[in-house]
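Close look at the chain arrangement
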Amino acid sequence: MFTSPSKQKSLWEISKRCISSNEVAQALRPFLFLVHPDKYAKFPEIQTQNEKSLQIFNGYMNDLFPVSPSLKPTKVSFSIADKQSTTFRKININLTGTDPAKIVRDALESCELSTSELKFKDTGIRSTRTGSGGLGFTTSNVEEDLLRSYLKRKKATVITNLYDSLTNKRDEAMRKTREAKSLLVSIKDDISDLKYRTQLKDVVWQMAWEESHMRRCISNVNRMIDQATPETRTVIEKAFFKNVLRFGRGSFICCDGSIQLGADHVPEQWENVCQEYQIRKRQIPLLKETAKQLEQTFGGAQILLPHFKGLAQTLTQLQTLTVRVWKKEALLRRVEDSAKNSMLEIVTSYDELAIGLDGRLYIPCNVDVPSLVQFLEENSKKAIEINQQMHHLINELEFARDECIKELKLTGLRWEQAFTPEALIQCVYRLTHCSDDVRNLVSGLSIVISASPSIYVTSDGTLSIPLNWS
């Protein structure tokens, strides 16, 4: 029995013609706003988790227009702010089937967002196939067909046993490591050529990117210089001279005077940043002086100026907060007393008063000063304790990593920013005291502890293992 080509086509049309990609994008706006990684910049673990989950979610939705035959069911998790408290709530979304309307509705409902404004409904269509022999039988729609096909092809449950995986993957890891080394040598040569050409001090990536993407960024900078007018080329060379070039999200002058170029920006935007450099670098002394004044206002608290943040925005935020606090003369003494020995980071007006995982206090630049005083009096001591505990845990984790690298003769050991230090310490300790068979197999490899549930080899030959490997 088989399905005729015309019948197959009609099934595919059912799954992909009920709603357009534009309608999906419009309907998902409230959901995307709620889970967007940029909203959780002060919570790195949540930001990393949401960023990866959003990439998977967007990739799955893109594969529905048109439907990809290789579509695989998956599950993504996001963390969102709980409306009923100051904590975060984890939501899970099952991505299965080819009905985008159902996925949109599930995504909105998982976040307790309204679905009453949706202009479409779940298809819920089932179809009947008729074999060539004239015998009719009922089967599921294409969504279930795809799921059945995927489960049939799937070999087994995810293997998290380190020994079993390494038996098959060690040769692959060693081969990819050799290939990656030659590529890294080539990238270093490209960076050296750019540094020699522009007299740059260093080139830094603010994100973990594939080597091919790094190389493309370097090539684009060279192309920007080649295609610039003589006047613009002079401006670029002056901006780069003895400076640090960063690649990340957004293009701006950083707090330390370095230049960040947005990987998703066009050369014209990069040129604009270089032209701003001569003006912005004169603001660095003013930024430091403003931070010093704010430290005195907050009783000697440490004002954090992350080097990768935008200079202009940070200066504006510090000045805004300083003016707001100084206007409340009656509260200055309480501000000074309550903030002593604290670690503060001034954030945008869209953020909220909060305690960071490392004990830093996030202060919105437009904060209501009486609310700020109350927040400091209630949380500054707690934040100091958290900072001390985190400092101790980080030191313990670094020591455990060094011991693990030494014991197993690894070339490197790192982890994604998605786990607590306590969980990482336990994982690294288990790895250090693994069996002799595993020791022999991991010797000479580089390992990354990943949020992925499976064990696999990355493009640069690094062995990715889950936190709960067995």
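Residues numbered from 1 in each chain as written. Predicted model: local features only at pLDDT ≥ 70, side-chain atom pairs only at ≥ 80, totals over all residues. Heavy atoms only, no water.

Right, let's talk about the nonpolar core for a bit. Ranked by internal contacts, the top residues of the largest apolar core, which has 53 residues, are V221, F240, L245, F247, I259, F298 and I363. Not counting the four nearest positions on each side in its chain, I363 is found in contact with L321, L344, E345, I346, V347, L353, L372 and F375. (Core = buried A, V, L, I, M, F, W, Y, C linked by side-chain atoms within 4.5 Å. Buried < 20%, exposed > 50% of the residue type's maximum accessible area, 1.4 Å probe, protein only. Contact = heavy atoms within 4.5 Å.)

Turning our eyes to something else, we now look at the sheet that holds strand β9 (residues 302-303). If you walk across this open sheet you meet the four strands as β9-β10-β12-β11, and the pairing is mixed. The open sheet terminates on both sides in strands that have one partner only, identified here as β9 and β11 (354-355). Contacting β10 (343-347) and β12 (361-364), helix α12 (residues 311-326) crosses the sheet at an angle of about 105° to β10. (Pairing = 2+ DSSP bridges. Helix = DSSP H or I, 4+ residues; strand = E, 2+ residues; numbered from the N terminus. Axes fitted to C-alpha atoms, helices over the stretch in contact; angles between N-to-C directions.)

Turning next to the packing of aromatic side chains. Within this structure, the stated rule accounts for six aromatic pairs. Ring centres 5.2 Å apart and planes at 45° place the aromatic pair F31 and F57 in the tilted group. Here F31 is found in helix α3 (residues 29-35), whereas its partner F57 is found in helix α4 (residues 44-62), with 26 residues between them in sequence. The same class applies to F31 as to F57, namely buried. Summarising the aromatic geometry, the rings of W205 and F247 are spaced 5.5 Å apart at their centres and angled 25° between planes, so their arrangement reads as stacked. You can see W205 sitting in strand β5 (residues 202-205) and its partner F247 sitting in strand β6 (residues 244-248), a full 42 residues away along the chain. Residue classification places F247 among the buried residues on the basis of a relative accessible area of 0%. Pairwise contacts between aromatic rings join F31, F57 and F78 into one cluster. Of note, R430 hangs over the ring of W469, and the distance from its end group to the ring centre comes to 4.4 Å. (Phe/Tyr/Trp six-rings, centres within 6.5 Å; stacked < 30°, edge-to-face > 60°. Lys NZ or Arg CZ within 6 Å of the ring centre and 35° of its normal.)

Turning our eyes to something else, we now look at the environment of R216. Note that R216 resides in helix α8 (residues 211-227). When the C-alpha atoms of R216 and A263 are compared, they prove to be 9.6 Å apart, with 47 residues separating the residues in sequence.

In this section: the confidence of the model for the protein chain. As a note on interpretation, predicted positions should not be read in detail where pLDDT is low. Predicted confidence across the protein chain gives a mean pLDDT of 81, with 84% of residues reaching 70 or more. In the predicted structure, residues 1-18 sits below a pLDDT of 50 and forms 24 contacts with residues beyond four places in sequence or in another chain. This model gives residues 122-142 a pLDDT under 50, and the stretch forms 43 contacts once residues within four places in sequence are excluded. (pLDDT = per-residue confidence, 0-100.)

Before going further, it helps to examine the packing of helix α9 (residues 230-240) against helix α10 (residues 267-280). Relative orientation of the contacting elements α9 and α10 amounts to 65°, with a least axis distance of 9 Å. Handedness of the crossing formed by α9 with α10: left-handed. Along its contact with α9, which presents T232, V235, I236, K238, A239 and F240, the element α10 presents E271, C274, Q275, Y277 and Q278. Classifying every residue of the contact of α9 with α10 by side-chain character gives six nonpolar, three polar and two charged. (Left-handed = near helix turned anticlockwise from the far one by under 90°. Nonpolar A, V, L, I, M, F, W, Y, C, P; charged D, E, K, R; others polar.)

Neither face of β12 is left uncovered, since the one carrying L361 and I363 and the one carrying Y362 and P364 both have all their residues buried. Examined bridge by bridge, β10 and β12 share four bridges and lie parallel to one another. Its bridge partner being in β12, V347 is matched across the sheet by P364. Judged from the two bridges that link them, β11 and β12 form a sheet pairing that is antiparallel.

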